[in-house]
Amino acid sequence: MSNNRKYSPALKKTIKEYLKKGKEVEESFASQLLSDVVWATKQQDWREHWDVSGILPSEYGIKGSQKFDVKSIKKVNRSDSSTQDEFTWVEAKNTQGHIGWILGKADYIVFERFKSWLLVNRKELLDLVNDKVKSLGHVKGKKPYHVYSRPSMKDKLTLVPFKDIESLSSTKDIPKGTVNEVHS
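All chains use their own residue numbering, which begins from 1 and follows the written sequence. Owing to the predicted nature of the model, reporting of local features is limited to residues with pLDDT of at least 70; listing and counting of side-chain atom pairs is limited to 80 or more, with chain, interface and lining totals taken over all residues. No hydrogens and no water enter the side-chain calculation; it runs on all heavy atoms of the structure.

S.K.: Help me out: how do you make sense of unusual backbone geometry in this one?
M.R.: Leaving glycine out, the prevailing phi sign among residues is negative, and the prevailing peptide bond configuration is trans. Phi angles above zero are rare outside glycine, and H49 is one such case at about 60°. Here a helix means four or more residues in a row that DSSP labels H or I, a strand means two or more in a row labelled E, and each is numbered from the N terminus. Within the fold, H49 resides in the loop between α2 (42–48) and β2 (52–55). Its identity is not glycine, yet Y145 carries a phi of approximately 65°, on the positive side.

S.K.: Looking at this structure, I do not really get the pattern of salt bridges. What am I missing?
M.R.: One side chain can pair with another of opposite charge once the charged atoms of both are near each other. A side-chain nitrogen of Lys or Arg and a carboxyl oxygen of Asp or Glu constitute a salt bridge if their distance falls within 4 Å. One pass over the structure, following the stated rule, counts eight salt bridges. The salt bridge involving E112 is made with K176; its shortest N-O contact spans 3.0 Å. A residue pair is termed long-range when its members are at least 10 positions apart, and E112 in strand β5 (residues 108–112) and K176 in the segment after β9 (172–175) qualify at 64 residues. Burial classification: accessible surface area is computed with a 1.4 Å probe over protein chains only, and a residue below 20% of its type maximum counts as buried, one above 50% as exposed, and the rest as partly exposed. Here K176 falls in the partly exposed class, since its relative accessible area comes to 29%. Between R150 and D155 there is a salt bridge, with the nearest N and O atoms lying 2.5 Å from each other. Taking relative accessible area as the criterion, D155 reaches 0% and is therefore assigned buried. One salt-bridge network, in which partners are shared between bridges, spans K21, E112 and K176.

S.K.: Explain the packing of aromatic side chains to me, please; I cannot follow it from the model alone.
M.R.: Describing an aromatic ring pair means giving the distance of the ring centres and the angle of the ring planes. Between rings of Phe, Tyr and Trp, where Trp is taken as its six-membered ring, a pair exists when centres lie within 6.5 Å; planes separated by under 30 degrees are stacked, by over 60 edge-to-face, and by other angles tilted. Summed over all chains, the structure comprises six aromatic pairs. Look at F29 and W117: their rings are 5.6 Å apart centre to centre, the planes differ by 70°, and that puts the pair in the edge-to-face class. One end of the pair, F29, is in helix α1 (residues 9–33); the other, W117, is in strand β6 (residues 116–121), and 88 residues separate them in sequence. F29 gets classed as buried once you look at its relative accessible area, which sits at 0%. On the basis of an interplanar angle of 75° and a centroid distance of 5.6 Å, the ring pair of F111 and F162 is categorised as edge-to-face. With F111 in strand β5 and F162 in helix α4 (residues 162–166), this pair connects stretches of sequence that are 51 residues apart. Classification of F111 as buried rests on a relative accessible area of 1%.

Taken by themselves, the reported measurements are silent on function.
See the structure below:
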């Protein structure tokens, strides 16, 4: 909320709740699965689009310290009564029109699911989204692989089915509750 935009008290409260929930999800992922944890600074989080770096257990086949951008489970529409586990939003531009998280410096995007963490290589996800959006001709709308911008915002988002993300070669579906032995 550091830009000069005027927010209503209700929207300020909603944003604060989203940020709090996001931090809880990031901490849950890191505590369950990472060792040698380093948290991004506020600037790294906002400009480089990564939340935490660390080392995954060797069983996941990813060597060395990696940067992760952790995404909490989403609603398709803000007005929906609850979150869902079929789609996620991918951000190409943020609300101020700056690069979105899909173009950031994270090595992996981590999506919270109802029962698991879905880990995907950011560049592979970017290629998928670019290919699908291009194949549809950059159609505007709120359907999968259409380009959506919220009214009065400068963002560009695309709705992506989790089944497509699950089909990528880099994707790892890690059950929640998996405890990193370093932390036990």
